[in-house]
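Single-letter residue listing:
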Amino acid sequence: MEGVGQDLLPPPGYANPQTPLFATPVCGGYLQTEVFTATGSTAEFIAFDTPLSWTTATAWTSEDGITWTCQIPGIYSMNVAQTLVVQNIADIENPIVQLAMSVNDVNNAELDQVYTTTFPVPVTTSPIELCQNVTNIVNANVGTQMEFSVQSPSGGITVTSGANNGFYQAFTFNLIARGVVGNVIP
């Protein structure tokens, strides 16, 4: 290997050829089975309630399907996939819809993050269907909480999530590096 990083060693906990046993099969996904509709500029929190068969149910847990709490610390690849039916009912010019994944660490506010995907909604006479994702790498401790919401900050847009059950709508995660990685001060 040549160039930048050629003499660097991977941090402890990362899967690599020298330490293959550090790789982890901790992953999972929860499907959304309920329909949620957001109108106006108020955020609507989306619940995920049905685990996929391969889900590690102890990694992220929830009592209500809306607030998810990390039980296995580490660095996760997180994704929320949505198929949305949107309509610009107020003929607002240049409206947007925002998907937000909020991650809050109860012990360290410096790790709090909000990951968003924002997209425009055209003026239409009938509803249109759009597929969108929010994806990011999340550094999570035990107790870190995640919530997902959809909203139209400008208002005047009707956004329905989960109306078409033929499409994949889920919260999925994959533990990349297990353990408290980069969350502590040396």
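Residues numbered from 1 in each chain as written. Predicted model: local features only at pLDDT ≥ 70, side-chain atom pairs only at ≥ 80, totals over all residues. Heavy atoms only, no water.

A. Examining the overall build of the chain more closely. Secondary structure summary: the chain contains zero helices and 13 strands in total. The helix and strand sequence of the chain, counted from the amino end, reads β-β-β-β-β-β-β-β-β-β-β-β-β. Here the contacts in the chain between residues at least 6 apart in sequence split such that 75% fall between residues at least 24 apart. When the accessible area of the chain is evaluated, it comes to approximately 9700 Å², of which 55% is carbon and sulfur surface. (Helix = DSSP H or I, 4+ residues; strand = E, 2+ residues; numbered from the N terminus. Contact = heavy atoms within 4.5 Å. Areas by Shrake-Rupley, 256 points an atom, 1.4 Å probe, with all protein chains shown as cover.)

B. Molecular detail of the environment of Thr 158. Tracing the sequence through the fold places Thr 158 in strand E12 (residues 157-161). Considering only alpha carbons, one finds Thr 158 and Gly 40, 118 residues apart in sequence, at a separation of 7.4 Å. In this structure Thr 158 touches Thr 37, Ala 38, Thr 39, Val 85, Val 86, Gln 87 and Ile 89, once residues within four positions along its chain are discounted.

C. Focus on the environment of Gly 28. Along the chain, the position of Gly 28 falls in strand E1 (residues 27-31). Here Gly 28 falls in the buried class, since its relative accessible area comes to 0%. Distance from Gly 28 to Ala 59, taken between C-alpha atoms, is 8.3 Å for residues 31 residues apart in sequence. Not counting the four nearest positions on each side in its chain, Gly 28 is found in contact with Trp 54, Thr 55, Thr 56, Phe 171, Thr 172 and Phe 173. (Buried < 20%, exposed > 50% of the residue type's maximum accessible area, 1.4 Å probe, protein only.)

D. How the structure looks around the pairing of strand E7 (residues 74-88). In terms of burial, E7 is largely enclosed, as 13 of its 15 residues are buried. As paired elements, E7 and strand E10 (residues 128-140) share 13 bridges and run antiparallel to each other. Looking across to E10, one finds that Gly 74 is bridged to Ala 140. As paired strands, E7 and strand E13 (residues 170-178) are joined by eight bridges and run antiparallel to one another. Across the sheet, Ala 81 pairs through a bridge with Ala 170, a residue of E13. (Pairing = 2+ DSSP bridges.)

E. Representation of the nonpolar core in the model. Residues Trp 60, Tyr 76, Met 78, Val 97, Met 146, Phe 171 and Phe 173 are the most contacted members of the largest nonpolar core, which totals 35 residues. Counting residues per element, this core draws most heavily on E7, which supplies five residues. Excluding residues within four positions of it along the chain, Tyr 76 makes contact with Ala 59, Trp 60, Cys 70, Asn 136, Ile 137, Val 138, Ala 140, Phe 173, Asn 174, Leu 175 and Ile 176. (Core = buried A, V, L, I, M, F, W, Y, C linked by side-chain atoms within 4.5 Å.)

F. Examining the confidence of the model for the chain more closely. Here the chain averages 82 in pLDDT, and 81% of its residues register 70 or above. Averaged over each element, pLDDT in the chain is lowest for E12 (88) and highest for strand E6 (residues 68-70) (97). Contacts for the low-pLDDT stretch residues 1-6, under 50 throughout, to residues beyond four places or in other chains number one contact. Counting contacts from residues 13-23, a segment whose pLDDT is below 50, to residues more than four positions away or on other chains yields 11 contacts. (pLDDT = per-residue confidence, 0-100.)

G. Local environment of the side chain of Gln 32. Of note, Gln 32 is situated in the loop between E1 and strand E2 (36-38). Take Gln 32: its relative accessible area is 4%, and that puts it in the buried class. Engagement of the side chain of Gln 32 in a polar contact is seen with the backbone oxygen of Glu 34, the distance being 3.0 Å. Side chain to side chain, Gln 32 and Gln 82 meet in a polar contact 2.9 Å long. Setting aside residues no more than four positions away along its own chain, Gln 32 makes contact with Ile 46, Ala 47, Phe 48, Asp 49, Gln 82, Ser 161, Gly 162 and Gln 169. (Polar contact = N/O pair within 3.5 Å; in protein donor to acceptor, adjacent residues only side chain to side chain.)

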